[in-house]
Amino acid sequence: MGLNEKPLSTLHEKASYDLGDFEVPTGREEAWRFTPLSRLKGLHSGKAEAVGHVRVDVDAAPEVTVETVGRDDARVGKSFMPTDRVSAQAWNSFEKATVITVPREAVTSKATVLTLTGEPAGNGGAAYGHIVVKVEPLAEAVVVLDHRGSAVYADNIEFVVGEGASLKVVSLQDWADDAVHVSHHHAQLAKDSTFRSFVVTLGGDLVRLSPSVTYTAPGGDADMSGVYFVDAGQHLEHRLLVDHSQPNCKSNVDYRGALQGEAAHAVWIGDVIIRVEAEGTDTYELNRNLILTDGARADSVPNLEILTGEVAGAGHASASGRLDDEHIFYLQARGIPHDEARRLVVRGFLGQLIEKIEIDEIRERVLGALEAELSR
Amino acid sequence: MSTLEIRDLQVAVEDKEILRGVNLTVKSGQTHAIMGPNGSGKSTLAYAIAGHPKYTITGGQVLLDGVDLLELSVDERARAGLFLAMQYPVEVPGVSVSNFLRSAVTAVRGEAPKLREFAKDLKGGMDALSIDPAFAQRNLNEGFSGGEKKRHEILQMELLKPKIAVLDETDSGLDVDALRVVSEGINRFRSSGETGVLLITHYTRILRYVTPDHVHVFAGGRIVEEGGPELAEKLEAEGYEQYTKASA
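What you see is a predicted model; the values in this text were computed from it and never measured.

## A look at helix α5 (residues 146–160) of chain B
All names here are of chain B.
- If you check α5, its first and last C-alpha atoms are 21 Å apart, about what 15 residues at 1.5 Å a residue would give, namely 21 Å.
- In terms of residue burial, α5 counts as a mostly covered element, since 13 of its 15 residues are buried.
- Residue K161 follows α5 closely and has a positive phi angle near 45 degrees.

This is how it looks when you write it as C-alpha cells:
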C-alpha cells in the first residue's frame, strides 16, 4: 500500500488572493454544504457592499506596538492565502489593517484586548477587516478578540508566531442576535513556538469561524479549544484545519458545544493533515456536543488524513448526544431539582474547558454568559 | 418517627412484569434486609421507589408518612426523605464532589448550609469513611474505584440524613476492609434510631456487620418468606435454590 503524496481532501487545494479564482458557492460544495448561504447577507456572492462599519479599539499591553496600516503594508498577508470565497472577499475588501507587534523577547505584562464593535449603517451593509498579530522570536503575549454589537462582517486574522515564541489568543464571539460573521484565523508557527487558541462563540445569527494552523519548522505546538452555546435559530459553525507539513510538531483540538431550541444548528469540521514529511507528529482532535432539546442539530465531522507511517500519535473523536438521563437521575435522587441538575451537568460539560481560560475576567464573563444561556 | 409503606407494588420494564405485588413496611429505628438471587427484582424495587424513569408502576402505592411517593418527581421524593444508595453510581464529568454535595444538601434542607459548617460536616464525614479529602475536588465518581464509590454513597446518606434509606447492594464488590468501613457508616447512620434502613443484598456477609431486625426473601418479583436475623443464617447454609424452584 503506497502513500499518497497529496492530501485527498479537496477543501484546502485552492489558495489565491484573487477573488475571481473562487466561484460563488452554491451550497453543494463540501466546504459550504452545512452553511445556510441565504443568511450570509451576500458575504459569499460579492453583493455585500462595504458600507457597514466594525470599530476596532485596542487596549494594548505596554510592551506591544499597535498600528493601523494600509493594504500595501509589507507585513500584511504574508502568512496565508485565502482558501475560500469569503476569505478572498475579505482580503480584497478591507481598507485598513490593524497590526499588533510583540517585539523580540518581550513578555507582555497584560493581555492586549481588541474590541471589535459592529456599528451597523442604516442600510445593514457589510464590513471587512484584517488583523495581524506578529509575535517576534522568544516573545510571549496574550491577545483577546472581543466581538460585540451588530454587523455583517468578514475578516482574516493572521497570527504569526516567531521562533520560540508563545501566543495565547482568546476570541470571543459575543455578537448581537442578528450579526453575521465569517472569520478566518490563520496561525503560522515557527520553530519551537507555542500557540494556544480559545474560541468562545455565543452570539450572532450566523457565525462561521475557520481557525487554521500551519507550521514553518519543527517543534511547533498548537492547542485549540472552543466552546459554543447555540440557541434557537442560531447557526454556529467552526471549521478547524491543522496542516502538519513539518516533522515533530504537535496539535490538540478540543471543541465542545451545547445546543438548545428549535433550529439551533452547530457545525464542527476538524481537518488534520499529516503530510509525508511530517514525521513524529503528535495530534488529537475532539468534538463533543450536548443536545438539550428537540429541534436542535449538531453536525460533527472529524477528518484525519495521515500520509506518513511515522507518527508519534494521531487520533480523533466526535460525540454528540443528549443529556444523559442517568446523570440527571442521580442528581435528582439527591434532591436536586431537574433544572438545576441540568445546569450542573452542562456547566460541568463546558466548564472543564472554560477553566482553561487563564484570564480571570474573560473566564468569569464566559461563565456568566453560560449561566444566562442556561436560565433562558 | 417515619414509616415507609409499600403496598402491593407492581412494576414493569418495557412491558415485562418484574414486581408482582410487593408489601413491606419499614419504620424508623428498623433495619430490613431484602435478600434474593440475581434477577429476582430486588434492584427493581429500589429504583422504582426512587423513581427511575425506566420503570413503569403498574399498580400499588409507596407511602412515606402517608404521602404517596409515586406521585412525586425523583427530586421531590429525595426531599421528602427518601435516599437510594446506588449499586452503580454514575460518573458525572465536570461536576465536583463538593459542588454536588453542597447542591444536594441545599436542596434537601431547603436552605444553603453555612460554608464553614458544611466544610466541617464534609470533612468529618470523609474522615469517618476514610475518604481522602482530595476527593472533594474531584469530579463526581469519575475514576473512583468500586469501593470509593460505595463509601461516597454512604457519605451522601450521612450528610443528607434521610428518613428512610434504601441501600442497593452497597456491599457488592467491596473487600473486607471497605465492607467494614461502609458497615460502620450504616451503623452510625441508624444508631440515631430516627431512620429506617432497607438493605438489599445478595450475600449474608454484610449482615454480620449490620444486623437486621427483619429479613425478607425475594424471588420472582415478590417477597416469598420473612423472618428474623436467623433467616439470613438459613440462607447462608442452604442458598436460594428452594425459592427459585418454587417461584419458577
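## Points about the packing of aromatic side chains
All names here are of chain A.
- Across all of its chains, the model carries 9 aromatic pairs over all chains by this definition.
- On the numbers, 5.6 Å between centres and 40 degrees between planes, the contact of F159 with F195 is tilted. With F159 in strand β7 (residues 152–161) and F195 in strand β10 (residues 194–201), this residue pair connects regions lying 36 residues apart in the sequence. Note on accessibility: F159 and F195 belong to one class, buried.

## A closer look at the pairing of strand β11 (residues 214–219) of chain B
All names here are of chain B.
- Across the 6 residues that make up β11, a large majority, 5, are buried.
- Relative to β11, strand β3 (residues 31–35) runs parallel, the two sharing 4 bridges. By the bridge assignment for β11, A33 is matched with V215.
- Two strands pair when backbone bridges link them, and β11 and strand β12 (residues 222–227) are joined in this way by 5 bridges, in the antiparallel orientation. From the neighbouring strand, H216 faces β12, where its bridge partner is E226.
- Here β11 folds back onto β12, and the loop between the two strands holds 2 residues, one of which, G220, carries a positive phi near 60 degrees.

## Overview of the sheet that holds β11(B)
Residue and element names in this part refer to chain B.
- Taken together, the 6 strands give an open sheet; going across it, the order is β6-β9-β10-β3-β11-β12, and neighbouring strands pair in mixed fashion. One side of each edge strand has no neighbouring strand; the edge strands of this open sheet are β6 (82–85) and β12. Taken pair by pair, the neighbouring strands of this sheet meet at an average axis angle of 20 degrees, ignoring direction.
- Of the pairings in the sheet, the one linking strand β9 (residues 164–168) to strand β10 (residues 196–201) comprises 5 bridges and is parallel in character. Bridge pairing links V166 to L198 in β10.
- Lying on the sheet, α5 is in contact with β6 and β9; it crosses β6 at an angle near 170 degrees.
- Across the sheet, helix α6 (residues 176–190) touches β3, β9 and β10, and the angle it forms with β10 is around 155 degrees.

## Describing the interface of chain A and chain B
- Contacts between the two partners involve 19 residues from chain A and, on the opposite side, 33 residues from chain B.
- When chain A packs against chain B, the two sides together hide about 2,000 Å² of surface, and 67% of this comes from carbon and sulfur.
- Of all residues in chain A, A:F329, A:Y330 and A:R334 give up the largest surface area on contact with chain B, accounting jointly for 40% of the area buried on that side.
- At the junction of chain A and chain B, the tally comes to 1 salt bridge.
- With a closest N to O distance of 2.6 Å, B:E153 and A:R334 form a salt bridge.
- On the surface where chain A and chain B come into contact, there are 10 residue pairs in polar contact (both at pLDDT 80 or more).
- Put simply, the parts of the chain that give the side of chain A that touches chain B at least two residues each are α2 (325–332) and α3 (338–354) of chain A.
- For the side of chain A that touches chain B, the leading source of residues is α3(A), giving 8 residues.
- Split into classes, the residues belonging to the side of chain A that touches chain B amount to 9 nonpolar, 6 polar and 4 charged.

## Quick notes on the domain arrangement of chain A
Residue and element names in this part refer to chain A.
- As assigned here, chain A comprises domain 1 (19–322) and domain 2 (324–376).
- Opposite the 29 residues of domain 1 that make contact, domain 2 presents 20 residues.
- Interface area for domain 1 against domain 2, summed over the two sides, is near 2,100 Å², with a carbon-plus-sulfur share of 66%.
- Interface area lost by domain 1 to domain 2 is led by F198, F229 and R256, which between them contribute 23%.
- At the junction of domain 1 with domain 2, the criterion picks out 4 salt bridges.
- In this structure, the salt-bridge partner of D223 is K356, at a minimum N-O distance of 3.5 Å.
- Our enumeration of links across domain 1 and domain 2 arrives at 9 residue pairs in polar contact (both at pLDDT 80 or more).
- Breaking the side of domain 1 that touches domain 2 down by element, the ones donating at least two residues are β6 (140–149), β8 (166–173), β10, β12 (221–230), β14 (250–259) and β16 (281–291).
- By residue number, the principal contributor to the side of domain 1 that touches domain 2 is β12, which donates 6 residues.

Basis of the calculations
- Along each chain, the written sequence defines residue order, and numbers are assigned to residues from 1.
- By the order in which they are written, chains take letters starting at A while ligands take numbers starting at 1.
- Totals for whole chains, interfaces and linings use every residue, but because this is a predicted model, local features are given only for residues with pLDDT of at least 70 and side-chain atom pairs only at 80 or more, for both listing and counting.
- Side-chain metrics in this entry use all non-hydrogen atoms of the structure; hydrogen atoms and water are not considered.
- What counts as a helix is a DSSP run of H or I of at least four residues, what counts as a strand is a run of E of at least two, and both are numbered from the N terminus.
- The span expected for a helix works out to 1.5 Å for each residue beyond the first.
- Buried means the residue's accessible area, taken with a 1.4 Å probe over protein chains only, is under 20% of the maximum for its type, while exposed means over 50%, and partly exposed covers the values in between.
- Aromatic rings from Phe, Tyr and Trp, with only the six-membered ring used for Trp, were paired whenever their centres fell within 6.5 Å, and each pair was classed as stacked if the ring planes differed by under 30 degrees, edge-to-face if by over 60, and tilted otherwise.
- Note on pairing: DSSP must find at least two bridges between two strands before they are called paired.
- Each axis is a line fitted through C-alpha atoms, taken for helices only over the stretch in contact, and angles between the N-to-C directions span 0 to 180 degrees.
- Only heavy atoms matter for contacts: two residues are in contact if any of them lie within 4.5 Å across the pair.
- Once two parts are put together, the accessible area they lose, assessed with a 1.4 Å probe and summed over both, is termed the buried area.
- Salt bridges are identified by distance alone: a Lys or Arg side-chain nitrogen within 4 Å of an Asp or Glu carboxyl oxygen.
- Polar contact criterion, stated in full: a pair of N or O atoms within 3.5 Å, where within protein one must be able to donate a hydrogen and the other to accept it, and residues adjacent in sequence count only if both atoms are side-chain atoms.
- Note on residue classes: Ala, Val, Leu, Ile, Met, Phe, Trp, Tyr, Cys and Pro are nonpolar, Asp, Glu, Lys and Arg are charged, and everything else, Gly too, is polar.
- Where each domain begins and ends is defined by an automated method or by a domain database.

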